[in-house]
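Reading the structure
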Amino acid sequence: MTLNTFKLAVLVSGRGSNLQAIIDSIEKEELDADISIVISNTKDAMALSRAERHNIKTTFINPADYLSKRAFDTALIEKLKEYPIDLICLAGYMRILGEEVIQTFKEKIINIHPSLLPAFPGLNSQKQAIEYGVKFSGCTVHFVDSGIDSGPIISQTVVPIYDNDDEKSLSERILEQEHHLYPKAIKMVKENQIKINDRTVTHKTR
Ligand code: GAR
């Protein structure tokens, strides 16, 4: 096995299918990177066992152990600083990062979200899309800033919404696209193919 230099931390809260897509893409050598640490804010996240199966180091940081959100964020920063990390990937991490975390790792945190941002930020985006009646939704990878799902957009995939879709069927079709989009976006950052100009992310090669 070759030792890669681009180091990821992946923050998770649940199922971990996007984490799995990143792991698979590294193992298939489509993405030249290593995962230094997977951090969860929920104890029994399936994502943790997925990581362990691939001998990736994991940590659970229990929000209940901290008196304030700020104290939790400080612990998270300390944990992240224990590892070599070039990029922090939020993969179904359902906790809002405080300003201190964002400033400490400025332009080094990305997230995947199951809608075409800026439409339907926050929770239950697929349900929001169906209820609104849009004909297309999708997924977005973006840099994380201090707003909710509001940072500069790296890449998006469009997913059509059919008349007979419900939240479950739409979520499944979007998720399938997330698994392609996220590793590719990480690769773009890794290969220094993009640059951020305020709100917009442009591709250097285009
Ligand atoms: C994914 O659909 C991801 O886009 C979404 O949570 C799911 C996590 O699934 N993230 C958000 O809604 C963040 N705002 P996974 O744990 O199987 O990767």
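Read on for an overview of the structure. Along every chain, residues carry numbers that run from 1 in the direction the sequence is written. pLDDT decides what is reported in this predicted model: residues at 70 or higher carry local features, side-chain atom pairs at 80 or more are listed and counted, and totals for whole chains, interfaces and linings draw on all residues regardless. Side-chain numbers here rest on the full set of heavy atoms in the structure, without hydrogens or water.

**Remarks on helix α2 (residues 46–53)**
Think of it in three bands: residues with accessible area under 20% of the maximum for their type are buried, residues over 50% are exposed, and the middle band is partly exposed, with areas taken using a 1.4 Å probe on protein chains only. Strands here are runs of E lasting at least two residues and helices are runs of H or I lasting at least four, both read from the DSSP assignment and numbered beginning at the N terminus. When we look at burial in α2, the residues that qualify are Ala 47, Leu 48, Arg 50 and Ala 51. In a view along the axis of α2, the buried residues occupy a sector of 160 degrees, so they form one face of it. Along its buried surface, α2 packs onto β1 (7–12), α1 (17–27), β2 (34–40) and β3 (58–60). Within two residues after α2, Asn 55 carries a phi angle of roughly 55 degrees, on the positive side. Of all possible arcs, the one meant is that of the directions from the helix axis to the C-beta atoms. Contacts were defined at the residue level, with two residues in contact if any of their heavy atoms lie within 4.5 Å.

**Points about the side chain of Ser 25**
Here Ser 25 is to be found in helix α1. Of the residues examined, Ser 25 reaches a relative accessible area of 5% and is grouped as buried. Discounting chain neighbours no more than four positions away, the residues touching Ser 25 are Glu 30, Leu 31 and Pro 183.

**Re the nonpolar core**
Buried Ala, Val, Leu, Ile, Met, Phe, Trp, Tyr and Cys residues form a nonpolar core when they are joined through side-chain atoms within 4.5 Å. In this structure, Leu 8, Ile 35, Ile 154 and Ile 186 are the most contacted members of the largest nonpolar core, which totals 40 residues. The dominant element in this core, judged by the number of residues it contributes, is helix α6 (residues 167–190), at eight residues. In this structure Ile 154 touches Ile 110, Val 141, His 142, Phe 143, Ala 185, Met 188, Val 189, Ile 194, Val 201 and His 203, once residues within four positions along its chain are discounted. Counting residues in hydrophobic clusters, the runner-up holds 20 residues, among them Leu 76, Tyr 93, Phe 105 and Ile 109.

**Observations regarding the pattern of salt bridges**
By definition here, a salt bridge exists when the distance from a side-chain nitrogen of Lys or Arg to a carboxyl oxygen of Asp or Glu is within 4 Å. According to the stated counting rule, one finds nine salt bridges in the structure shown. Between Lys 7 and Asp 34 there is a salt bridge; the shortest N-O distance is 3.1 Å. Note that Lys 7 is positioned in strand β1 and Asp 34 in strand β2, a separation of 27 residues in sequence. In this pair, the class of Lys 7 matches that of Asp 34, namely buried.

**Remarks on the packing of aromatic side chains**
For any pair of aromatic rings, the description rests on two quantities: the centre-to-centre distance and the angle between the ring planes. Here is the rule: rings of Phe, Tyr and Trp (six-membered ring for Trp) pair when centre to centre is within 6.5 Å. Planes less than 30 degrees apart are stacked, more than 60 are edge-to-face, and the remainder are tilted. What the rule picks out here adds up to two aromatic pairs. With a centroid separation of 5.9 Å and 85 degrees between ring planes, the pair formed by Tyr 66 and Phe 72 is classed as edge-to-face. Taking relative accessible area as the criterion, Tyr 66 reaches 30% and is therefore assigned partly exposed. The lysine or arginine in question, Arg 95, covers the ring of Phe 72, its NZ or CZ lying 3.9 Å from the ring centre. The criterion is that NZ of a Lys, or CZ of an Arg, lies within 6 Å of the ring centre and within 35 degrees of the ring normal, and then a charge sits over that ring.

**Notes on the environment of Leu 76**
You can see Leu 76 is positioned in helix α3 (residues 69–81). Owing to a relative accessible area of 0%, Leu 76 belongs among the buried residues under this scheme. Apart from residues no more than four positions distant in its own chain, Leu 76 is found in contact with Leu 11, Ile 39, Ile 61, Tyr 93, Leu 97 and Val 101.

**Describing unusual backbone geometry**
Of the consecutive residues Leu 117 and Pro 118, the connecting peptide bond is found in the cis state with omega at 15 degrees. Here Pro 118 is to be found in the loop between β5 (109–113) and α5 (125–132). In this model, Asn 55 sits at a positive phi of 55 degrees, which is unusual for a non-glycine residue. Its place among the elements puts Asn 55 in the loop between α2 and β3. The phi dihedral of Asp 198 falls on the positive side, at around 50 degrees, and the residue is not glycine. Secondary-structure assignment places Asp 198 in the loop between β8 (194–197) and β9 (200–203). Overall, the relative accessible area of 76% leaves Asp 198 in the exposed class.

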